[in-house]
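Structure at a glance
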Amino acid sequence: YISFARTNLGEDHAKFQPDGPNIAFWSERSGEEQLWVSQGNDPQQLTDFPTDTYIRGFDWAADGQSLLVNANNVLTQVFLDKNQQSQPMNHAVVRLYQWDSINNTALLLLRIDGVIRFVEYDFKLAEFTELAPGKTMLWGLKTTSGQLIYKDHMQQFWQPGPIEDIHIESLNMQGGKAKSFVVHNNVIYDINKNNQLWSYDLDSGVFKVLKTLREDVDYLTDVNQSELLLSIQVAAKKEVVELTVSE
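On a predicted model such as this, the values are computed, not experimentally measured, just so you know. (Residues numbered from 1 in each chain as written. Predicted model: local features only at pLDDT ≥ 70, side-chain atom pairs only at ≥ 80, totals over all residues. Heavy atoms only, no water.)

**Digging into the sheet that holds strand β1 (residues 11-16)**
Reading across from one edge, β1-β2-β3-β4 is the order of the 4 strands in this open sheet, with antiparallel pairing throughout. Here the strands that pair on one side only, and so sit at the sheet edges, are β1 and β4 (44-45). Two strands pair when backbone bridges link them, and β1 and strand β2 (residues 23-27) are joined in this way by 4 bridges, in the antiparallel orientation. Within the sheet, the bridge partner assigned to D12 lies in β2 and is W26. (Pairing = 2+ DSSP bridges. Helix = DSSP H or I, 4+ residues; strand = E, 2+ residues; numbered from the N terminus.)

**Digging into the pattern of salt bridges**
Summed over all chains, the structure comprises 5 salt bridges. Of the charged contacts, one joins K151 and D190 as a salt bridge, the two residues approaching to 3.1 Å between their closest N and O atoms. With a gap of 39 residues between them, K151 in strand β14 (residues 148-152) and D190 in strand β18 (residues 187-191) connect regions that are remote in the sequence. Summarising the burial analysis for this pair, K151 and D190 share the class buried. The partner of R214 in a salt bridge is D216, with the nearest N and O atoms 2.9 Å apart. Using a relative accessible area of 37% as the deciding quantity, one classes R214 as partly exposed. On the basis of relative accessibility, which here comes to 26%, the residue D216 falls in the partly exposed class. (Salt bridge = Lys/Arg side-chain N within 4 Å of Asp/Glu carboxyl O. Buried < 20%, exposed > 50% of the residue type's maximum accessible area, 1.4 Å probe, protein only.)

**Details of the sheet that holds strand β17 (residues 182-184)**
Read across the open sheet, the 4 strands follow the order β17-β18-β19-β20; overall the sheet is antiparallel. If you trace the sheet from one side to the other, it starts and ends with β17 and β20 (207-212), each paired once. Taken over all neighbouring pairs, the strand axes of this sheet differ in orientation by 25° on average, direction set aside. Taken together, the 5 bridges between β18 and strand β19 (residues 196-201) define a ladder with antiparallel strand orientation. Across the sheet, I188 pairs through a bridge with Y200, a residue of β19. (Axes fitted to C-alpha atoms, helices over the stretch in contact; angles between N-to-C directions.)

**Some points on unusual backbone geometry**
With the exception of glycine, most residues fall at negative phi, and the peptide bonds are largely trans. Of note, A126 is a non-glycine position whose phi angle comes to about 55°, a positive value. Under the relative-accessibility criterion, A126 is labelled partly exposed at 46%.

**Digging into the packing of aromatic side chains**
The tally for this structure, following the rule as stated, stands at 6 aromatic pairs. Between Y121 and F123 the ring centres are 5.2 Å apart and the planes differ by 65°, which places this aromatic pair in the edge-to-face class. Through a chain of ring-to-ring contacts, three or more aromatic side chains come together here, namely F157, F181, W198 and F207. Across from the ring centre of W36, 5.2 Å away, lies the NZ or CZ of R29, which sits over that ring. Taking NZ or CZ as reference, K135 lies 4.5 Å from the ring centre of W158, over its face. (Phe/Tyr/Trp six-rings, centres within 6.5 Å; stacked < 30°, edge-to-face > 60°. Lys NZ or Arg CZ within 6 Å of the ring centre and 35° of its normal.)

If you want it as structure tokens, here you go:
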């Protein structure tokens, strides 16, 4: 467990740069939620979003030269030279899960007429396709082969089928403390409630427990060929407050 970024404020959701040395993550070390990049030391602030910004998801472009960021329900493409390009949308973006920069699509939670929907959005056509209608979503990602995997509010994993969505029964009771999971190539990775890091190969159907992690590990944020990125709870602060309700 080597900590590459740590402050007395929050930072999270680290992601490996495709075919590059950088790791992107959001941090509050500047006083506001901003996107940062690091090569393992001397992190550099990449964005300068306004006060009270909140970031709900980001993902690297396939060429590793930019990131798509959901900041304050708006999508912005941020380049490594700090230039930015907005992505106009007709709906508020609640969560960005994944960006396919090659096909110019993204997996999003959108607020449409007051209803939150899980969609795949096509930026070229400015159109979306609703996915998993009727289900309450926690997280959703596509594999390298384009197969959709999602987790519902019951911590159950699903994939689309020819008629109706298929419950991945091998992953029953494997949901963890976090909403998220990670997909690398065609393999799902997650941490269950027993702090076990596990993998499930969608091609072979093989489930493996890889390692039992420390209890201070919150969740997995990314995987590459040889390393994992984890978020660890270093300290928690609780305060007692008095709430007065006036008549």
